[in-house]
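So you can see what is in the structure, the chains are spelled out below.
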Amino acid sequence: MKKCCKSINITNPETIAPFIADCLRRHKRRRDFKREILQNGTTTEEYEKLLEGASIDDVAMLFAKQIAHAIKTHNIPKFKVRASEKYDAVSEKTRLIGNESCLQRLYDYVAVYSCMELWERKMVDQQCSSMVGRGQLYGVRMIQRYTRKNNCHIDYCKRHGIKYTDKMRYFVKLDIYHCFPSMDRELIKQRLSHDVGNNDLLYLWGVLLDSYAPVTDGILIGALPSQWISQYMLSSLYRQAMAGGGVSYMIMYMDDMLLFSHSKSKLKKAVLSLCEYAKNELHLTVKPNWHIKRYDVEPIDMMGYVIHRNGKIRIRAKTFIHARRMALRIKRTAFATLTQAQRLVSYKGCFLHSDCHKAWQKYNLEKAFASAQNVVSNHERSKTHVSLLRQRTRKD
């Protein structure tokens, strides 16, 4: 394969200014960003204009000149990354979450956006994360589409007496053990140098990857480059599985992998080969708790939804119970606190994108969600009103 990213010049401020502007649009209301912007020579009045979106390109150009010069002279400052362990109540796991400085986040956006050509070449459509429009619903719809297509083939062959092998008879779910902390940074650098033909870009990635060394042995959870570089490394697992034979379909959601096959023995052989490849080539370990299951006996529980053999999508039992209890409580008391309303509103997408129409009508969830949305909407309007009053008092 020809090397990527040869034509992009990240030492030109005009090239990287749009990347920095996008970062400022997303993080401009953070306190550390405000402090960094004010230290960079921007006045408080200009910062207020920045919040309104008036002079964001001007501020981005100021940072772009500074960052482009540092990359050109190979004099990027050493970044100090902080990290703390946080418990996730949903997955019941404790993860080491990183916290980067404001300046490092700007460099992160430059590094990631400059490698878009590489991401588009390497990442496959079956990777359901990182890229715009590829999330949980994208992956669930893909599984549903494969299922319905396979069911149509089975029905057609039965009607016409044609022999057909069910391509989705068996499935297996695989998971990488501590994916981000187990990533080999030196291996990442080797693969980037093999695929990227831009020395300045390689230098930038080297500095960012080395900044994670005091905190973790791999890459940092919570950093923008981590999610992209992990998908870049794991894309080779998809190619390895599909090239080996025995696998009909494969879908990846970050480090979770779902494989389908018509044969149990061939699927087991493909999984063992994939585990060996991940260990030898990527220095990653696949969890040994995988089991091959029949699709018509047990549905697929992945990406927050449950997909059945007939193509129907259901909500996870645990999620449904929490949403139902919250909706009935709000309906019974005719009152919801802000926290309760925010929790209930977060479940609305699960009902809208699944085949749970009977539950929606049975518990009259439309009314409960409408009242919760009003509570959240009124709270956001009051916040906007208070901020406008503060700006007026400052001007006066």
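To start, this report covers the structure provided alongside it.

Definitions and limits used
Residues numbered from 1 in each chain as written. Predicted model: local features only at pLDDT ≥ 70, side-chain atom pairs only at ≥ 80, totals over all residues. Heavy atoms only, no water. Buried < 20%, exposed > 50% of the residue type's maximum accessible area, 1.4 Å probe, protein only. Helix = DSSP H or I, 4+ residues; strand = E, 2+ residues; numbered from the N terminus. Pairing = 2+ DSSP bridges. Axes fitted to C-alpha atoms, helices over the stretch in contact; angles between N-to-C directions. Patch = residues over 30% accessible without salt bridge, like charges linked within 9 Å, V, L, I, M, F, W, Y side chains within 5 Å. Areas by Shrake-Rupley, 256 points an atom, 1.4 Å probe, with all protein chains shown as cover. Salt bridge = Lys/Arg side-chain N within 4 Å of Asp/Glu carboxyl O. Lys, Arg positive; Asp, Glu negative; His and termini not counted. Charge placed at Lys NZ, Arg CZ, Asp CG, Glu CD. Parallel < 35°, antiparallel > 145°, perpendicular 65-115°, else oblique. Contact = heavy atoms within 4.5 Å. Nonpolar A, V, L, I, M, F, W, Y, C, P; charged D, E, K, R; others polar.

**What about the pairing of strand S4 (residues 249-253)?**
Then, in step 1: When you tally the buried positions in S4, you get four out of five residues, the bulk of the element.
Then, in step 2: The pairing of S4 with strand S5 (residues 256-261) spans five bridges and is classified as antiparallel. Looking at the pairing, Met-252 lines up with Met-257 of S5.
Then, in step 3: The hairpin formed by S4 and S5 contains two residues between the paired strands, and Met-254 there has a positive phi angle of roughly 55°.

**Some points on the sheet that holds strand S7 (residues 300-302)**
Two modes of strand pairing occur in sheets, parallel and antiparallel, and in both the strands are linked by backbone hydrogen bonds.
Then, in step 1: Across the sheet, which stays open at both edges, the three strands sit in the order S7-S8-S9 with antiparallel pairing between neighbours. The open sheet has two edge strands with one neighbour each: S7 and strand S9 (313-315). Ignoring which end each strand starts from, the neighbouring axes of this sheet average 30° apart.
Then, in step 2: Sheet topology note: the strand S8 (residues 305-307)/S9 ladder contains three bridges and is antiparallel. Note that in S9 the partner of Ile-307 across the bridge is Ile-313.

**A look at a positive patch on the surface**
Then, in step 1: A cluster of basic residues, Arg-324, Arg-325, Arg-329, Arg-332, Arg-343 and Lys-362, forms a positive patch at the surface.
Then, in step 2: The leading source of residues in the positive patch is helix H13 (residues 317-333), at four residues.
Then, in step 3: With respect to the helices and strands, Arg-325 occurs in helix H13.
Then, in step 4: The class of Arg-325 is exposed, set by a relative accessible area of 51%.

**Structural notes on the packing of helix H9 (residues 185-195) against helix H11 (residues 224-244)**
Then, in step 1: The contact between H9 and H11 brings their axes to 11 Å, and the two run at 80°. In terms of orientation, H9 lies roughly perpendicular with respect to H11. Residues Leu-187, Ile-188, Arg-191, Leu-192 and Asp-195 of H9 form the contact with H11, whose own contacting residues are Ile-229, Tyr-232, Met-233 and Ser-236.
Then, in step 2: Class assignment of the residues belonging to the contact of H9 with H11 gives a composition of six nonpolar, one polar and two charged.

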